[in-house]
Amino acid sequence: MITLLDYGAGNVRSVINAIESIGENVKIVADVDDILSAQKLIFPGVGNFGSMMRILYQKQYVDPLKDYLHSGRPFFGICLGLHALFEKSEEAPNTSGLGFFSGRVKKFDIDLSVPHIGWNGVNIKKSSLTFNGLWGDEKFYFVHSFYVEPEDDAVVLTTTNYGVEFVSSIQKESITATQFHPEKSGNAGIKLLKNFIQSPSEQITLSYISHETRLAKRIIACLDVRSNDQGDLVVTKGDQYDVRENGDVRNLGKPVELAERYYREGADEITFLNITAFRDFPLEDIPMLSVLKRTSEHVFVPLTIGGGIRDYTDNKGRTYTALEVASAYFRSGADKISIGSDAVLTAEDYVKTGKMTGKSSIEQISEVYGAQAVVVSIDPRRVYLSSPDNVDHHVIETDIKGPNGEEYCWYQCTIKGGREGRDLDAVTLAQVCEKLGAGEILLNCIDKDGTNSGYDIELVNAVKNAVTIPVIASSGAGCVEHFYDVFTKTKVESALAAGIFHRKEVPIAAVKDYLKDKVEIRLTNNN
Ligand code: 1PR
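Residue positions are given per chain, counting from 1 as you read along its sequence in written order. In view of the model being predicted, local features appear only for residues whose pLDDT reaches at least 70, and side-chain atom pairs are presented and counted only at 80 or more, with totals across whole chains, interfaces and linings using the full set of residues. Side-chain metrics rest on all non-hydrogen atoms present in the structure, leaving aside hydrogens and water.

A. Seen up close, the state of the cysteines. When two cysteine sulfur atoms lie within 2.5 Å, the pair is treated as a disulfide. As enumerated under the stated definition, the model contains 0 disulfides in all. The thiol sulfur of Cys-409 is not disulfide-bonded, and the nearest other cysteine sulfur, from Cys-445, lies at 9.3 Å. The cut-offs for exposure are 20% and 50% of the maximum accessible area for each residue type, with area from a 1.4 Å probe on protein chains only; residues under the lower value are buried, those over the upper are exposed, and the others partly exposed. A relative accessible area of 0% places Cys-409 in the buried class. Judged by relative accessible area, Cys-445 falls into the buried class, the value being 0%.

Following this line, the structure appears as structure tokens:
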């Protein structure tokens, strides 16, 4: 039996699913006695150091946790569960940590996108049962803006390079904690958790030589989901956002089955977009919550869900906040939520007033779950101009001339799945959303969607160069070379595709096979 400390933030379901997939039962801590009587304790953490510690103090878990840590019984901390072990964090300078280790938690001060999101390697600094059965060259999933700086080097189990060489896991006797998320790191992560849970007796020492690790470019499979006219929830795919063919919604498969297939084939992340949620009430959309729950039982890479994340008033007059909608998704297994239409409306208000209200969906969700959990999905369309002076928007000079030979364009934001154009450009939207607390941009392109003609490199560069958070290029992938193009002609961290994967025209393995000696990627599949 594994005891799991859930202090109420983020996606503990993934950790539970990962432990159960190993065949072990999980007991969630309900009170102080559960901590004191635990035989093996796992402490996963997401969100903010200050709010985590406040909750631990409020629930009076701090002293029992310290007692547990000193008892010599096995402990595994994940992400904030690692930070909590230290004395203090720059994330909340006035709040004390558990102080089990001397040292502090620092914010990345580097010239790269922060948060550090994605798959990176580890340099193993000492032999440990934790890596039994692994080669040492696996990549693990990271998502964080802060890292630990222990005073005692002897506790360092691994380091990772991202602008600096930082400590990515620690180990001292029975206490292990990782900055990365084993529950989101595919087979390698499950193996690592298994080593903790089942305590292998025979130790195989890794002969791996320390190297400079590199963050992999991520390949993301996207599933646009909606009900068809028969009421079945299906994965569909549009041509420039039109998902109907001969009057019917295109049906390319079942969401959970497809997601599991992409996981096995080596997708680094999976995104579900509930594309008609702008007109429905997502908390009544139980099938979508159930898709997430079922997917997260077998898929151990990050899951993002988008569609309909905004404040609602139902027909009985009860108001739900976007935060409540997002929380329901996180509880069902999502690691990140993606906001489309509501982000545009929020950014329009910000541009008008210059004020952050603290009440927008981006701000509220980012405050509770952390910036890394908030993706903004942008659905822009090209608007051609004969002169750059004609509009008050970010205009680019384009190599792809307009229908009348126009040499300039701007990218107009849309809402409601491209149905309504707004007076806001994609670059401004991305910049405002970063300021409000978004941690990543999912950059679609209506002109390119479903065309198989390659990503809109000009759009991707315009947005990526205007923000410091990671950007996912989306729309238009038609062959393996298109992934190479977007990774070499722009600085994006990930590339997303839908149609070519659904129609089995280009498998994920073929993309990775093509990229493997050219671009840093995660090579493993999860068969
Ligand atoms: O506005 O917060 O409710 O969110 C709705 C979400 O649904 C948004 O993220 C929006 O992008 C998405 N969406 C709405 N309507 C459509 C549609 O297609 N009719 N899909 C839609 C957006 C674009 C990508 C697609 C890529 C790659 N689909 O998700 O997967 O373009 O496709 P490709 O590789 O086949 O070219 P809200």
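B. Inspection of unusual backbone geometry at higher detail. The omega angle of the peptide bond from Val-114 to Pro-115 is 10°, so this bond is cis rather than trans. Going along the chain from the N terminus, every DSSP run of H or I of four or more residues is numbered as a helix, and every run of E of two or more is numbered as a strand. Structurally, Pro-115 is set in the loop between strand E6 (103-107) and strand E7 (116-120). Not every positive phi belongs to a glycine, and Tyr-241 is a case in point at roughly 80°. Relative to the elements of secondary structure, Tyr-241 occurs in the loop between strand E15 (233-236) and strand E16 (244-245). Classification of Tyr-241 as partly exposed rests on a relative accessible area of 24%.

C. Fine view of the site of the ligand. Consider each residue's heavy atoms; a residue with any of them within 4 Å of a molecule or strand counts as near. Looking at the ligand, there are 24 residues lining it, with Ser-341, Ser-377, Asp-379, Asp-449 and Ser-475 nearest. Side-chain atoms alone can form a polar contact between residues adjacent in sequence; in general such a contact is a pair of N or O atoms within 3.5 Å, and within protein one must be able to donate a hydrogen while the other accepts it. Taking Gly-450, its main chain carries an N or O atom lying 2.8 Å from an oxygen atom of the ligand. With residues, only the protein chains shown are counted as cover, and all accessible areas are computed by Shrake-Rupley using a 1.4 Å probe. Burial of the ligand by the protein chains amounts to 98% of its free accessible area of 770 Å². Only protein atoms enter the calculation, which uses a 1 Å grid: trapped sets of points that fit a 1.4 Å probe without letting it out are cavities, open sets showing protein on both sides within 12 Å along at least five of seven lines are pockets, and any residue with an atom within 4 Å of a point is a lining residue. Think of it this way: a molecule belongs to a cavity or pocket when more than half its atoms come within 2 Å of the grid points there. In this structure, the ligand is accommodated by the largest pocket. Secondary-structure elements contributing two or more residues to the shell around the ligand are strand E14 (218-227) and strand E30 (494-497). Each residue is assigned to one class: nonpolar for Ala, Val, Leu, Ile, Met, Phe, Trp, Tyr, Cys and Pro, charged for Asp, Glu, Lys and Arg, and polar for all the others, Gly among them. Residues that form the shell around the ligand fall into these classes: 8 nonpolar, 12 polar and 4 charged.

D. Summary view of the pattern of salt bridges. The term salt bridge refers to a pairing of a side-chain nitrogen on Lys or Arg with a carboxyl oxygen on Asp or Glu at a separation within 4 Å. Counted by the stated rule, this structure contains 29 salt bridges. Residues Glu-440 and Lys-336 are paired through a salt bridge, measuring 2.7 Å at the closest nitrogen-oxygen approach. A residue pair is termed long-range when its members are at least 10 positions apart, and Glu-440 in strand E28 (residues 440-443) and Lys-336 in strand E22 (residues 336-339) qualify at 104 residues. The class for Glu-440 is buried, based on a relative accessible area of 0%. Its relative accessible area of 3% is what places Lys-336 among the buried residues. What emerges from the salt-bridge pattern is a single network uniting Glu-90, Arg-104, Lys-106 and Glu-149.

E. A look at the layout of surface pockets. Grid points are joined across faces, edges and corners, and a volume is the space filled by probe spheres set on the points. Volume-wise, the largest pocket comes out at about 830 Å³. What lines the largest pocket is a set of 46 residues, among which Tyr-241, Leu-273, Ile-275, Asp-379 and Gly-417 lie closest to the centre. When contributions to the lining of the largest pocket are tallied by element, the ones reaching two or more residues are E14, strand E18 (269-274), E22, helix H10 (341-353), E30 and helix H15 (499-502). Of the residues that constitute the lining of the largest pocket, the class distribution is 15 nonpolar, 19 polar and 12 charged. Size it by volume and the second largest pocket reaches roughly 660 Å³.

F. Summary view of the nonpolar core. Nonpolar cores are built from buried Ala, Val, Leu, Ile, Met, Phe, Trp, Tyr and Cys residues. Side-chain atoms within 4.5 Å join them into one set. Formed by 128 residues in total, the largest nonpolar core has its most connected members in Ile-42, Ile-270, Phe-272, Ile-337, Ile-365, Phe-483 and Phe-501. Counting 34 residues, the second-largest nonpolar core is a separate cluster that includes Phe-49, Leu-82, Phe-101 and Ile-170.

G. Representation of the side chain of Asn-161 in the model. With respect to the secondary-structure elements, Asn-161 resides in strand E11 (residues 156-162). For Asn-161, a relative accessible area of 14% gives the class buried. Looking at Asn-161, its side chain comes within polar contact range of the side chain of Asn-123, at 3.4 Å. By definition, residues are in contact when any of their heavy atoms lie within 4.5 Å. If sequence neighbours within four positions are ignored, Asn-161 has contacts with Asn-120, Asn-123, His-211, Glu-212 and Thr-213.

H. Structural view of the packing of aromatic side chains. Under the pairing criterion, centres of Phe, Tyr and Trp rings, with the six-membered ring standing for Trp, must be within 6.5 Å; the plane angle then separates stacked pairs below 30 degrees from edge-to-face pairs above 60, leaving the rest tilted. By the definition in use, this model includes 19 aromatic pairs. Look at Phe-100 and Phe-101: their rings are 5.0 Å apart centre to centre, the planes differ by 85°, and that puts the pair in the edge-to-face class. For Phe-101, a relative accessible area of 5% gives the class buried. Summarising the aromatic geometry, the rings of Phe-108 and Tyr-147 are spaced 5.0 Å apart at their centres and angled 40° between planes, so their arrangement reads as tilted. Of this pair, Phe-108 sits in the loop between E6 and E7 while Tyr-147 sits in strand E10 (residues 146-150), and the two are 39 residues apart along the sequence. Residue class for Phe-108 comes out buried when judged on its relative accessible area of 6%. By way of ring pairs, the aromatic residues Phe-108, Phe-131, Phe-140, Phe-142, Tyr-147, Tyr-162, Phe-166 and Phe-180 are connected into one cluster. Sitting over the ring of Trp-119, Arg-522 keeps its end group 3.8 Å from the ring centre. As a reminder, the over-ring test applies to NZ of lysine and CZ of arginine, requiring each to be within 6 Å of the ring centre and within 35 degrees of the ring normal.

I. Examining the pairing of E15 more closely. Burial along E15 is two-sided: the residues Leu-233 and Val-235 and Val-234 and Thr-236 are all buried. As judged from the 4 bridges shared by E14 and E15, these two strands associate in the antiparallel manner. The partner of Arg-226 across the bridge, within E15, is Val-234. Whether two strands pair depends on DSSP finding at least two bridges between them. Where E14 folds back on E15, the antiparallel hairpin that results is connected by 5 residues, among which Gly-231 adopts a positive phi of roughly 90°.

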